[in-house]
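Overview (structure and organization)
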Amino acid sequence: MRLLRSTDLALRVLMRLAVAGGSSPTTRDVADGMDVPYTHLAKVVAELQHMGLLRARRGRGGGLTLTEQGRTASVGAVVRAFEGGGDVVDCEGPTPCPLRSACRLRGALRRAQEAFFTSLDPVTVEDIVAEPTGALLLGISRGPGPRDV
């Protein structure tokens, strides 16, 4: 199973904000640090804000901050929200599978997908930024300093 790009970005935004300390990076700062298009990241940030996992403030002194709900959010819940409830394979697509009425594979794949999500349910955002990951994230999120340019 391969995660959607938006799911990957959502998890990385949450991780980045979890180690931000007192700073509130802007969406543009985070997009630049992740080397992803601003417009794509802005959509992900909007969804995370809608879910209550982060706060986004505009203007002077604005930026992104992780909420307490975001800090303790289940990685499984975040992945489910971004991936949606679709099947791993599209049995009903433009060319429907001729086996769909009696296929056992579809059910097996659905159970495997749910097992994947379930295995991520007890893992929180705090868990995935614990050391040594947190220190590495801090180094990456600072970007190059004046001496590094």
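Refer to the preceding data block for the structure.
In this text, all values refer to a predicted model and were calculated from it rather than measured experimentally.

1. Focus on the overall build of the chain
Within the chain, the regular secondary structure consists of eight helices and two strands. Its helices and strands taken in sequence order, the chain reads α-α-α-β-β-α-α-α-α-α from the N to the C terminus. Referenced to the eigenvectors of the C-alpha coordinate spread, the extents of the chain come out at roughly 60 × 30 × 30 Å. Out of the 149 residues in the chain, the part that is buried amounts to 34%. Considering only intrachain contacts with a sequence separation of at least 6, the fraction spanning at least 24 residues in the chain is 68%. Distance between charge centroids for the chain: 3 Å, based on 19 positive and 16 negative side chains.

2. Here we look at the side chain of Thr27
Considering the arrangement of structural elements, one finds Thr27 in helix H2 (residues 27-34). Residue Thr27 is classed as buried on the basis of its relative accessible area of 14%. Not counting residues up to four positions away in its chain, the partners in contact with Thr27 are Tyr38, Leu41, Ala42, Val45 and Leu64.

3. Some details on the environment of Ser6
One can find Ser6 in helix H1 (residues 5-18). Separated by 117 residues in the primary sequence, Ser6 and Val123 have C-alpha atoms spaced 19 Å apart. Excluding anything up to four places from it in sequence, Ser6 contacts His40, Val44 and Phe82.

4. With respect to the nonpolar core
Of all hydrophobic cores here, the largest spans 31 residues; its most connected members are Val13, Leu14, Met34, Leu41, Leu48, Leu54 and Val78. Put simply, the parts of the chain that give this core at least two residues each are H1, H2, helix H3 (38-50), strand S2 (63-66), helix H5 (75-83) and helix H6 (105-120). Top contributing element to this core by residue count: H1, with eight residues.

5. Some details on the pattern of salt bridges
Applying the stated rule across the entire model yields five salt bridges. Residue Asp8 pairs with Arg5 through a salt bridge whose shortest N-O separation is 3.3 Å. Taken together, the positions of Asp8 and Arg5, both in helix H1 and three residues apart, correspond to about one turn of that helix. Put simply, Arg80 and Asp121 hold a salt bridge, and the shortest N to O gap is 2.6 Å. Taken together, the positions of Arg80 in helix H5 and Asp121 in the loop between H6 and helix H7 (125-128) put the pair 41 residues apart, joining distant regions of the chain. Residue classification places Arg80 among the partly exposed positions, given a relative accessible area of 25%. Given a relative accessible area of 29%, Asp121 falls into the partly exposed group.

6. Here's the deal with the pairing of strand S1 (residues 54-57)
As defined by bridge partners, S1 adjoins S2 across four bridges and the pair is classed as antiparallel. Looking across to S2, one finds that Ala56 is bridged to Leu64. Taken together, S1 and the strand that follows it, S2, pair antiparallel across an intervening segment of five residues, in which Gly59 is found at a positive phi of about 80°.

Reading the values: rules and limits
Residues numbered from 1 in each chain as written. Predicted model: local features only at pLDDT ≥ 70, side-chain atom pairs only at ≥ 80, totals over all residues. Heavy atoms only, no water. Helix = DSSP H or I, 4+ residues; strand = E, 2+ residues; numbered from the N terminus. Buried < 20%, exposed > 50% of the residue type's maximum accessible area, 1.4 Å probe, protein only. Contact = heavy atoms within 4.5 Å. Lys, Arg positive; Asp, Glu negative; His and termini not counted. Charge placed at Lys NZ, Arg CZ, Asp CG, Glu CD. Core = buried A, V, L, I, M, F, W, Y, C linked by side-chain atoms within 4.5 Å. Salt bridge = Lys/Arg side-chain N within 4 Å of Asp/Glu carboxyl O. Pairing = 2+ DSSP bridges.

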